[in-house]
Protein chains: 2
Amino acid sequence: MWAWVNGEFVRRDQPGIRLEDRGLTFADGLFEVLRTVGGKVLFWDEHLARIRRSARFLGIAFPFTDQKLAAEALELIRRNDVTDGELYLELTRGADPYRQHKYPPSGTEPTLFMLSFPLRTIDAVNWERGATLLTYPDLRHRLCEHKTINLLANVLAKNYAYERGGYEALMCREDARGSYITEGGSSNYFCCRGGRLLTPEIDNIMPGITRAGVIDHARRAGIEVVERRLYLNEFLGADEAFLTSTVSKVMPIRAVDYTTFPAPGPVTRRLMDAFEELIHQELAR
Amino acid sequence: MWAWVNGEFVRRDQPGIRLEDRGLTFADGLFEVLRTVGGKVLFWDEHLARIRRSARFLGIAFPFTDQKLAAEALELIRRNDVTDGELYLELTRGADPYRQHKYPPSGTEPTLFMLSFPLRTIDAVNWERGATLLTYPDLRHRLCEHKTINLLANVLAKNYAYERGGYEALMCREDARGSYITEGGSSNYFCCRGGRLLTPEIDNIMPGITRAGVIDHARRAGIEVVERRLYLNEFLGADEAFLTSTVSKVMPIRAVDYTTFPAPGPVTRRLMDAFEELIHQELAR
């Protein structure tokens with residue numbers, strides 16, 4: 001398998017990056033995971049806009065044009081013979097020979113690299129009958145509106161769920177009113193109550209590309225969507241619920257801990273179909 | 001310069017690690033920074049005990065004995081001709097060819113690497129007349145009792161201070177009573193009020209090796225030390241204050257934002273001297 005680093009194709013099973021890269025020593029970087037279908041990359045513009053916005057926030061230069069990078073991404077996918085798959089993109093503040101918190105001198109080249117993978121195997125039963133979630137405390141930092149590589153708390157949350165047979169963690173924070181839901185280790189959440197969609201507002205959670213696509217479609221289809229702080233007891237009492245992510249797409253939720261939901265519910269089913277249609281449109285662009 | 005990775009010495013300016021290492025993609029790892037003096041490493045046992053404890057917490061195997069690793073560390077320092085310097089040690093969950101949150105199969109080799117640096121240059125005026133701090137919100141996750149590489153919030157805090165001429169950030173969280181201090185981007189804090197030392201308890205902050213050494217010495221010298229939640233207004237109203245870290249050792253604080261302190265104050269001066277003596281004892285072991 002090949003990887004791509006700052007304009008060069010390298011063997012993925014060989015060292016490809018310096019030990020003093022700030023991505024490795026400070027998690028000083030950002031990433032995106034994009035879905036590839038039939039050798040095309042889905043929602044490229046949306047993912048690139050998001051990482052560029054966060055790179056500006058962190059003061060990291062983005063060293064390629066979208067167009068040039070898209071060509072390199074397609075070549076990487078072609079070389080790895082990946083048709084249906086995932087494209088991983090990471091941007092770091094670059095190699096820093098001092099390993100000090102202080103930003104390296106201007107002129108330091110950021111590191112941009114891409115990996116491509118065959119699509120991970122997900123049991124179809126998760127879409128057909130719904131996924132199981134386990135609640136877990138949201139241990140993360142306050143930079144979650146940016147897709148940073150500071151993911152250890154996400155790793156712990158998801159593995160907590162995996163070890164108990166679940167598909168994802170449903171992370172929760174606390175306020176004076178009680179426990180409210182934020183997101184999963186790599187998913188956003190929605191529930192449907194009385195025909196309205198409810199989803200956590202972007203308050204230290206990831207503004208997901210699939211999340212945005214679902215909200216946009218729902219509103220155009222006349223479904224009311226409310227983005228606000230969403231308490232765990234409201235979520236557990238919903239008529240139906242689903243999660244969204246680039247890889248999981250729209251996936252019904254069958255259970256959260258010991259609470260079960262009809263899965264897929266009728267609204268979820270509509271949105272699953274609509275999202276497949278959105279992918280078809282994206283592929284035809 | 002040489003680096004050391006999983007038993008091999010490699011050139012530091014060359015790629016030394018795979019792009020799919022979980023340290024780089026998930027910040028799924030831990031680190032230590034140790035002070036080297038005259039080709040010896042200070043407080044080796046204490047640092048190794050800390051990283052081993054956190055590795056157990058994360059379920060990452062530690063792949064070398066302390067004794068074998070110490071020999072490799074000394075050889076690395078020797079090869080790089082570093083006498084006074086810093087030894088950086090990082091442990092990650094290893095290369096993971098899938099880039100998925102799920103822990104890789106058992107048998108995956110963790111990555112352990114070391115870098116050695118000449119001692120960073122710190123203006124002596126910081127010890128002679130005290131360092132300046134700037135307050136900054138503590139944006140970090142809830143895993144700060146472990147020395148994880150999820151450091152982006154620390155990077156932002158310290159650079160906020162640097163850009164304003166400061167030496168460190170004084171990070172604060174909020175509770176119902178107000179703003180309380182936690183730690184710096186890479187330091188612990190103490191203040192002295194009425195002859196008593198006050199320092200934040202280990203409540204999602206780093207249990208610093210220098211911090212522990214100072215507390216231990218102070219207690220043996222008959223100084224009362226109180227570890228508890230410490231509010232910013234208490235800290236700002238203290239008689240004197242100082243910070244501790246492996247590299248900064250015991251450093252007086254001259255100012256926090258617009259509040260100034262006598263620096264070094266008499267208790268700080270005693271503890272600075274005592275810590276130098278502790279280093280001498282450590283070197284003589």
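For the structure itself, look to the data block above.
All values derive from a computational prediction rather than experimental measurement. (Residues numbered from 1 in each chain as written. Chains lettered and ligands numbered in written order. Predicted model: local features only at pLDDT ≥ 70, side-chain atom pairs only at ≥ 80, totals over all residues. Heavy atoms only, no water.)

(A) Representation of the pattern of salt bridges in the model. One pass over the structure, following the stated rule, counts 52 salt bridges over all chains. The partner of Asp138(B) in a salt bridge is Arg140(B), and the shortest N-O contact between them spans 2.9 Å. When its relative accessible area of 8% is taken as the criterion, Asp138(B) is described as buried. Given the relative accessible area of 8%, Arg140(B) is considered buried. One salt bridge in this structure joins Glu183(B) and Arg140(B), with 3.0 Å as the shortest N-O distance. Placement of the pair is Glu183(B) in the loop between strand S9 (178-181) and strand S10 (188-193) and Arg140(B) in the loop between strand S7 (131-137) and helix H5 (152-163), with a sequence separation of 43 residues. Connected through salt bridges with shared partners, the residues Arg22(A), Asp28(A), Arg93(A) and Asp96(A) form a single ionic network. (Salt bridge = Lys/Arg side-chain N within 4 Å of Asp/Glu carboxyl O. Buried < 20%, exposed > 50% of the residue type's maximum accessible area, 1.4 Å probe, protein only. Helix = DSSP H or I, 4+ residues; strand = E, 2+ residues; numbered from the N terminus.)

(B) Summary view of the sheet that holds strand S4 (residues 40-41) of chain B. Residues and elements named next belong to chain B. Taking strand neighbours across the sheet as the criterion, the 6 strands line up as S2-S1-S6-S5-S3-S4 in an open arrangement whose pairing is antiparallel. Looking at which strands have only one partner, the edges of the open sheet turn out to be strand S2 (8-11) and S4. Sheet analysis places strand S5 (residues 85-92) next to strand S6 (residues 111-118), joined by 8 bridges and oriented antiparallel. When the bridges of S6 are listed, Glu 90 appears paired with Phe 113. (Pairing = 2+ DSSP bridges.)

(C) Expanded view of the interface of chain A and chain B. In this assembly, 57 residues from chain A lie in contact with 57 residues from chain B. Buried surface at the junction of chain A and chain B, both sides included, amounts to about 4,900 Å², of which 66% is carbon and sulfur. Its largest share of buried area at the contact with chain B, chain A owes to Leu19(A), His101(A) and Leu152(A), together 16% of the area lost on that side. Run the count over chain A and chain B and you get 2 salt bridges. With a shortest N-O distance of 2.6 Å, Glu20(A) and Arg12(B) are connected by a salt bridge. The interface formed by chain A and chain B includes 20 residue pairs in polar contact (both at pLDDT 80 or more). Those elements that provide at least two residues to the side of chain A that touches chain B are strand S1 (2-5), helix H1 (22-25), strand S3 (29-37), helix H2 (44-58), strand S5 (85-92), strand S6 (111-118) and helix H5 (152-163) of chain A. With 9 residues, H5(A) is the single largest residue contributor to the side of chain A that touches chain B. Here the side of chain A that touches chain B is built from residues that sort into 29 nonpolar, 13 polar and 15 charged. (Contact = heavy atoms within 4.5 Å. Buried area = accessible area lost by both parts, 1.4 Å probe. Polar contact = N/O pair within 3.5 Å; in protein donor to acceptor, adjacent residues only side chain to side chain. Nonpolar A, V, L, I, M, F, W, Y, C, P; charged D, E, K, R; others polar.)

(D) Fine view of the pairing of strand S15 (residues 249-256) of chain B. All names here are of chain B. S15 sits mainly inside the fold: 7 of its 8 residues count as buried. Pairing geometry for S7 and S15, over 3 bridges, is parallel. By the bridge assignment, Ala 131 is partnered in S15 with Ile 253. Pairing geometry for strand S14 (residues 240-245) and S15, over 4 bridges, is antiparallel. When the sheet's bridge partners are listed, Ser 245 is paired in S15 with Lys 249. The antiparallel hairpin formed by S14 and S15 contains 3 residues in its connecting segment. Here S15 hands over to strand S16 (residues 259-260) after 2 residues, with Asp 257 in that stretch at a positive phi of 50°.

(E) Molecular detail of the pairing of strand S11 (residues 196-199) of chain B. Residues and elements named next belong to chain B. Examined bridge by bridge, S10 and S11 share 3 bridges and lie antiparallel to one another. Looking across to S11, one finds that Arg 193 is bridged to Arg 196. The antiparallel pairing of S10 with S11 creates a hairpin that spans 2 residues between the two strands, and Gly 194 there sits at a positive phi of about 55°. Of the strand pairs in this sheet, S11 and strand S12 (residues 225-227) are connected by 3 bridges, and their pairing is parallel. Counterpart to Leu 197 in the pairing with S12 is Val 225. The parallel pair S11 and S12 is bridged by helix H6 (residues 209-220), and the resulting crossover is right-handed. (Right-handed = clockwise from strand over helix to strand, strands pointing away.)

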